[in-house]
Amino acid sequence: MKIGILTFHCAHNYGAVLQCYATQEFLRSKGYDVEVINYRPQYLLDPYKLFNRRRVMSKNPIRLLKCLIIEILTFSNRYKRFIGFERFIHNRLQIGDIVTRNTLSSDCDAYIIGSDQVWNSRITRGFDPIYFADFPFEKGNKKYISYAASMEAKTLTHEQVDFYTKSLNNFDILSVRENQLQQLLQSLTAKNRSLVLDPTLMVPTAVWDNLSSDNSNIEKYVVVYAVRIDPNTMRIAELIANQIGAKVKVLVAWLHYNAVEGADQTATPEEFVDVIRNAACVVTTSFHGTAFSVIFNRPFYTIRLNDGRDTRSESLLGTLSLEERIVDVDACPIFSDIDYSVVNKKLEKLRKESQDFLINNL
């Protein structure tokens, strides 16, 4: 059986490439022939280009000159980061030839769409029908499955309601990643909407051991991984670091000219896994920063920014009874460890349910 995975595999984002890798490796471990469909829309590529004129466009000559200087000064780090992600994508993922929506092949027996925010119209710059299984060929005797799809929304516009109501009918099987989304879709489709784990959590930890290197002799550190930037994230990390006698290590999600001094701006996806695995504590605003903290049983604090984009982490931690690890942006937490014995039992149960969902529906 040949399975095509359609997700944000080409985005130079740690969570994007690692969740794709996890789905691929799980399916391969079950004996399936797997291909990551190489759909590369510009809205996923543009933010990570070595040079993007959007970053320097300005009618103000002073601002234009400043942006050009920043591009020059950050090019070395941008190049290293670009190469690290492209190497992971081409060496770790089973990708085919580049396709467009109109050239997508019909040679798969099943198509799995997701995980990641494939239904987030803010990211996809409107509605991208390909992530709703709107393909250029007859449906035929194939399976069309959404796995852990996400859209990071608490409400929908009338336009979104109309689009989703129609487009969800393209799927044979529906599953989502957040309970808020599961509830949001309740009035839009009569299909069952299963709640499943993000692929990074669905696979056993041994999958991540294959990406790991031996960093057992590194010094004690608190790692900051912030996809959404707020100065309080650093404040909280420094507070925790002082409490446990550690340094602060910053892992950036986006390249910054004015990033914190010493921040790691060129880490590969493999190095990202290692940095989280070996941290004394993780302070993050990221869903996947939270997810990998749980995977590796690390103490962590997820910062609630109250910007409407906290739902993904809140859903995960609510499911695992770890709500106390979400702290408000103005909090001053006192460090505490996590008893993962109960958490791991819950995670293992959810992991089996998510694995069974995929296997049974395939």
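Details of the structure are given in the entry above.
Residues numbered from 1 in each chain as written. Predicted model: local features only at pLDDT ≥ 70, side-chain atom pairs only at ≥ 80, totals over all residues. Heavy atoms only, no water.

A.B. asks: Would you take a moment to explain the nonpolar core for this structure?
C.D. replies: Soluble globular proteins: nonpolar side chains tend toward being buried together. If you look at the biggest cluster of nonpolar residues, it comprises 63 residues, and the most contacted ones within it are L18, L27, Y147, W208, F272, F292 and V294. The element that contributes the greatest number of residues to this core is helix α1 (residues 14-29), accounting for 8 residues. The contacts of L18, once residues within four sequence positions are left out, are F88, T200, W208, L211, P269, F272, V273 and F292. Counting residues in each nonpolar core, the second largest holds 37 residues, with A16, F137, Y144 and V176 among its members. (Core = buried A, V, L, I, M, F, W, Y, C linked by side-chain atoms within 4.5 Å. Buried < 20%, exposed > 50% of the residue type's maximum accessible area, 1.4 Å probe, protein only. Helix = DSSP H or I, 4+ residues; strand = E, 2+ residues; numbered from the N terminus. Contact = heavy atoms within 4.5 Å.)

A.B. asks: Where do I start with the sheet that holds strand β12 (residues 326-328) in this structure?
C.D. replies: Sheet strands pair via backbone hydrogen bonds, and the direction of the pair is either parallel or antiparallel. Sheet architecture is open: 5 strands sit in the order β9-β8-β10-β11-β12, paired in parallel fashion. Either end of the sheet is taken by a strand with one partner, and the two such strands are β9 (247-252) and β12. Within the sheet, the average angular offset between the axes of one strand and its neighbour, ignoring direction, is 25°. Against the sheet, helix α8 (residues 231-244) contacts β8 (221-226), β9, β10 (281-284), β11 (300-304) and β12, and its axis sits at roughly 165° relative to β8. (Pairing = 2+ DSSP bridges. Axes fitted to C-alpha atoms, helices over the stretch in contact; angles between N-to-C directions.)

A.B. asks: Please explain the state of the cysteines as it appears in this structure.
C.D. replies: Two cysteines joined by a covalent bond between their sulfur atoms form a disulfide. Under the definition given, this model contains 0 disulfides. Looking at C20, it has no disulfide partner, and the nearest cysteine sulfur is the one in C10, 9.6 Å off. A relative accessible area of 0% places C20 in the buried class. Left without a disulfide partner, C108 is nearest to the cysteine sulfur of C20, which lies 13 Å away. A relative accessible area of 2% places C108 in the buried class. (Disulfide = S-S within 2.5 Å.)

A.B. asks: How do you make sense of the side chain of S293 when you look at a structure like this?
C.D. replies: In this fold, S293 is placed in helix α10 (residues 287-295). Judged by relative accessible area, which is 0%, S293 ranks as buried. Not counting residues up to four positions away in its chain, the partners in contact with S293 are I276, V282, R298, F300 and Y340.

Shape is all these values report; function is a separate question.
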